[in-house]
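Structure assessment
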Amino acid sequence: MPIDDRNDDLRHANRLETTGTGDVVQARDVHGGVHIHRARAVFPAMPSQLPGDVRGFVNRHAELAILTSVAGVQPDDPHAVAVTVITGTAGVGKTSLALHWAHRVRDRFPDGQLYVNLRGYDPGQPAVPEEVLDRFLRDLGVPATAIPVQLDERASLFRSLLATRRMLVVLDNAATAGQIRPLLPGTVNCLVLVTSRSQLSGLIAREGAYRLVLDILLEDDAIALLRAVTARYRDHDQHHEMVELARLCARLPLALRIAAERAASRPMMRLDELIADLRDEPGLWGALTAGGDDDADAVRTVFAWSYRALPEPAARLFRFLGLHPGNEFGLPAAAALAGISAPQARQQLDVLIGAHLLEQPAPGRYEFHDLLRAYAVDQVRHLETPEAQNEVRRRILAWYLHTADAASTRIAAFDRYELTQLPPVDVLPFAFDSHETALRWYRIESSNLVAANRAAAEAGLHSIAWRLAAVLRGIYIHQNAFDDWLATSTIGVDSAYQDSDPAGQAEALESLGRAYFQSRRLDEAETSHRGALTIRRSLHDRFGEAVSLNTLGLIGLRRRRLDDARTYFEQAGAIFRDLGDRRWEALIRSNLAETLCEVQQPQAAAEILTEAAIVFREVGDRASEGNALFHLSWAQREIGDPAAARVYIDQALRIAEAEENQVWQAHWLVELGSVQRAAGQPADALVSYQRAAVVQRQLGDRSREALAQDGAGHAYEDMGRVADAADFYRMAASAHRDLNDRWNLAQTLHHLGRTTGDTSAWQQALELLTDFDDPRAAALRELIAATLRDR
């Protein structure tokens, strides 16, 4: 909604900048102002997530026609359906049908396709809606910092993003309606295609979904599928033999494909001999589903028949893959799990793909059908000793731990946990040659890393579990992946206590506290960091003690308990000085300097920051150097030297530009605007605030966006545009109120009262200021009280 839509604005030239979350900031010459409009969401990239089409798909003509007719109904038709559910027994081909049809009609959905395997019947953990929405929102261009914590808020944002789009959403392998409901777009412009073994009657009744029940193949269709797979290898099989093979496979496509592949791989063996083999197969594993119906028996029999035909190295890898913590994995992980080289693993994986016992959804990535994963789990339990199973788990979990450590070294060199343990001699972690390759690996493996953390704890490998959580902390700090961060950190705390390792307990509490701090859950953050501090002091861990003191100081700074913050920073700085750690000492002193600026001691702050910036430059910590220069600009502006301030803030912004870091740039642009105002350049300041607001909206940082809006209000005031100033102050105040940021809300309400003369704004500000006792707050309290007395 425009802040100002007066007709005379039409005479000004416009430049539109569109953010990733659907906001347009309209920057004009200073006579027209800066306006923020709500617009159609713009995605940085159109998602195209369908796995590959099914090779050799045959038949199902009637079902394909039904799906096409359902999708062809116009959105405004009263019979339009937004959700279609394909149900049927295990192995009947639900996913194959859904993906084959989706590829045929993808052009009808110009805004892209989203796909997720909900793992509803997988032996491991099923996907939860919070996890799926987090991934979908990121795929739609929403930055991590803009993804809400609560499920209903994530679902609401997802529906908003898809409200004006036409997209296809495929939710594969759902177990319950509860998994699905939060993932529904809420508009018939989009079509949701669900596959499930369950009837999902609640979804039919409440959401008006259309149910397509998929039955086993007709006899002729089953034979057509067998011939499609074997045609290039066998042309002499008799019809009656095909009929018998189809019967033994219960005419289920999954079983038919596996059996046909077995036949194709033995072109010189008579089909009646293969059939006799299959008929005599005793079935090596227990009931997969309760009741043990004929369909399930047929699938189990075909699995066992195909598995026993594998060469032993491939069969061994198949069994071991049942112990991988996630359903989907890469080649290096498979090699590590089996304790073999990557070329050997690739060869054996090719055998499994050829036998239809594994699928390859993307180059270098592999996954199980959930039935086959259950079979692999059963085989490894029956055929491998507990000691061998534990060795497999140890290898793969150690591989994830040490590969995550290698990624953290590239992604977060100054924030990483120092993993002192060397990899086991039989584990070769993946190596990364750049920040980009490490970050790409993390994003692909993020769900497996959480699963590995959980699997380590469940297997009693608590030393790996808490260390993995600590290693991931450095990556999460820069990704704000709060769900994964909180999950792994919580597991880490429990595992560290199970491991009876006090140092590990402190690290785990540090990880959990940092997750709470960055997600603005300050009470829980303080509890965790105080726990870590107590342990570290008991261990005489001076370095760890100083780290905990620094974080408690940051919590005090965030709450504006400035005396507490200063005390913590001084204590931490003294320890790092004794330890001779120049970078950490400079970092603590930078935090102390920020506190000094807040208590109106800018000269002392400037002296500290000048020295700190030199240290950061020498050690190559560009982020901390830029932040020190940012605070130096603030200090010099408070001293009254805007020219010196401009030098420092320009240097900081050059660092942000060189590092291509929008987070730093947007934060520091607000200071540039303040320097420009101090130099009597409100028009230039307005542009700086506008640029900051655009990027902060893209990043989803409402707090810093509100600071930019407040700055824009100041620039408008300087230009005599008090009505426009008031509009921006109202926007900023709304955000501060939503975030419970009492200090910034009090300041913005004061600014609003000043531009509008609204005494209620001043009265609210005065009430908020009673929470603070620092000199700046006291001076503002006195100013507002005097203003109210004079009115």
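Let me sum up the structure you'll find in this document. (Residues numbered from 1 in each chain as written. Predicted model: local features only at pLDDT ≥ 70, side-chain atom pairs only at ≥ 80, totals over all residues. Heavy atoms only, no water.)

Observations regarding the pairing of strand S4 (residues 83-87)
Here is the rule: Each residue is placed in one exposure class: buried if its accessible area under a 1.4 Å probe, protein chains only, is under 20% of its type's maximum, exposed if it is over 50%, and partly exposed if it falls in between. Secondary structure elements are taken from DSSP: a helix is a run of H or I of four residues or more, a strand is a run of E of two residues or more, and numbering for both begins at the N terminus. Paired strands are those between which DSSP finds at least two bridges.
Counting buried positions along S4 yields five of five residues, so the element is predominantly enclosed. Burial along S4 is two-sided: Val 83, Val 85 and Thr 87 facing one way and Thr 84 and Ile 86 facing the other are all buried. Pairing of S4 with strand S7 (residues 191-196) involves five bridges; the strand directions are parallel. Looking at S7, one finds that Thr 84 is bridged to Leu 193. Bridging between S4 and strand S8 (residues 210-213) involves four bridges; their strand directions are parallel. Its bridge partner being in S8, Thr 84 is matched across the sheet by Tyr 210.

Focus: unusual backbone geometry
Phi is positive for His 540, which is not a glycine, with a value near 55 degrees. Mapped onto the elements of the fold, His 540 is located in the loop between helix H21 (522-538) and helix H22 (542-559). At Arg 560, a residue that is not glycine, the phi angle is positive and equals roughly 65 degrees. Relative to the assigned elements, Arg 560 resides in the loop between H22 and helix H23 (562-579). By relative accessible area, which is 6% here, Arg 560 ends up buried.

Quick notes on the packing of helix H24 (residues 582-598) against helix H26 (residues 622-639)
Here is the rule we go by: Note on geometry: axes are C-alpha line fits, over the in-contact stretch for helices, and angles between N-to-C directions span 0 to 180 degrees. Should an angle fall under 35 degrees it is called roughly parallel, over 145 degrees roughly antiparallel, and 65 to 115 degrees roughly perpendicular, with every other angle called oblique. When the near helix sits turned anticlockwise from the far one by under a right angle, the crossing is termed left-handed; a clockwise turn instead gives a right-handed crossing. Only heavy atoms matter for contacts: two residues are in contact if any of them lie within 4.5 Å across the pair. Under the grouping applied here, Gly and all other residues not named as nonpolar or charged are polar, the nonpolar ones being Ala, Val, Leu, Ile, Met, Phe, Trp, Tyr, Cys and Pro and the charged ones Asp, Glu, Lys and Arg.
Where H24 meets H26, the closest approach of the two axes is 10 Å, and the angle between their N-to-C directions is 25 degrees. As summarised for this structure, H24 and H26 are arranged roughly parallel, according to the angle between their axes. The element H24 and its partner H26 pack so that their crossing is left-handed. For the pair H24 and H26, contact is made by Arg 583, Leu 587, Ser 590, Glu 594, Cys 597 and Glu 598 and by Ser 624, Ala 628, His 631, Trp 634 and Ala 635, respectively. Counted by class, the contact of H24 with H26 contains five nonpolar, three polar and three charged residues.

What to know about the environment of Gln 505
Within the fold, Gln 505 resides in helix H20 (residues 502-518). A residue is classified by how much of its surface remains accessible, and Gln 505, at 11% relative accessible area, is buried. Taking the C-alpha atoms as reference points, Gln 505 and Gly 531, 26 residues apart in sequence, are found 9.0 Å from one another. When sequence neighbours within four positions are dropped, the list of residues in contact with Gln 505 reads Ala 496, Tyr 497, Ser 500 and Ile 535.

Concerning the pattern of salt bridges
Definition in use: Salt bridges, as used here, are contacts in which a Lys or Arg side-chain nitrogen is within 4 Å of a carboxyl oxygen on Asp or Glu.
Under the counting rule described, the total for this entry stands at 48 salt bridges. Of the charged contacts, one joins Glu 526 and Arg 530 as a salt bridge, the two residues approaching to 3.0 Å between their closest N and O atoms. Here Glu 526 pairs with Arg 530, and both are found in helix H21, just four residues apart, close to one helical turn. What you see here is one network of salt bridges that share partners, running through Asp 523, Glu 526, Arg 530, Arg 559, Arg 561 and Asp 564.

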